[in-house]
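Fold and geometry: a report
What follows is each chain in one-letter form.
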Amino acid sequence: MRQARADEYAEFAVARAGHLYRSACLLTAGDTYLAEDLVQETFGRLYVRWGRVSRVGNPAGYAQTVLTRAFLAHQRRRSSRERATDVFPDLPGSGDGDASLRLTLLDALARLPAKDRAVVVLRYWEDRSVEETADVMNVSSAAVRTRCSRALGRLRELLGEDLAEYARP
């Protein structure tokens, strides 16, 4: 039974690793090293609780919640925050996107406060509802709507009013 559960966990981890890493990169505004650490921490927490997690209806959603909460906890620990440079490392990509556009968007996300950035990633990258986002962040739905409005307003200031040029056709 243990081997079957371990195999199930390994299959889940392989299937979700890429998505969790991309979400973590957005949450950290391009800090790939921190993103890797957050994903590793997420998988560690999932492994310990896999018996219960595998029985829930949506283990992928649970993993995303753990990742977001790990990110927010890291942001609260200011003393653990080290950043030697403001230059983004080369980001791995499929080559089908515009690198300068990605860097512009990551820079704009980096200028948002951590909780506002988390709301934007959950609502628009993860395509979660206001209620789901509130549940993940342990805040009220009104707080999510307020943060979302504030974050989008700040992004408009940073990127300009004409956001259509940043949207994919």
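As a starting point, this report considers the structure included with it. (Residues numbered from 1 in each chain as written. Predicted model: local features only at pLDDT ≥ 70, side-chain atom pairs only at ≥ 80, totals over all residues. Heavy atoms only, no water.)

1. A few points about the overall build of the protein
Along the backbone of the protein there are 8 helices and 0 strands. Counting across all 169 residues of the protein, residues that qualify as buried make up 40%. Long-range pairs, those at least 24 residues apart, make up 67% of the contacts in the protein between residues at least 6 apart in sequence. Entry remark: accessible area of the protein is about 10,200 Å², with carbon and sulfur atoms responsible for 50%. (Helix = DSSP H or I, 4+ residues; strand = E, 2+ residues; numbered from the N terminus. Buried < 20%, exposed > 50% of the residue type's maximum accessible area, 1.4 Å probe, protein only. Contact = heavy atoms within 4.5 Å. Areas by Shrake-Rupley, 256 points an atom, 1.4 Å probe, with all protein chains shown as cover.)

2. Concerning the pattern of salt bridges
Opposite charge on two side chains makes pairing possible when the charged atoms of those side chains draw close. Here the structure, examined in full by the defined rule, presents 5 salt bridges. The closest approach of N and O atoms between arginine 45 and glutamate 41, which form a salt bridge, is 2.4 Å. Here arginine 45 and its partner glutamate 41 are both found in helix 2 (residues 32-48), 4 residues apart, which amounts to about one turn of the helix. A residue is classified by how much of its surface remains accessible, and arginine 45, at 32% relative accessible area, is partly exposed. A salt bridge links aspartate 116 to arginine 147, with the nearest nitrogen and oxygen atoms 2.8 Å apart. Pair noted here: aspartate 116 is in helix 6 (residues 114-125) and arginine 147 is in helix 8 (residues 141-159), with a separation of 31 residues, a long-range link. For aspartate 116, a relative accessible area of 2% gives the class buried. The structure contains a network of salt bridges with shared partners spanning Asp116, Arg147 and Arg150. (Salt bridge = Lys/Arg side-chain N within 4 Å of Asp/Glu carboxyl O.)

3. Let's talk about the side chain of threonine 133
On the secondary structure map, threonine 133 appears in helix 7 (residues 130-137). You can call threonine 133 buried: its relative accessible area is 0%.

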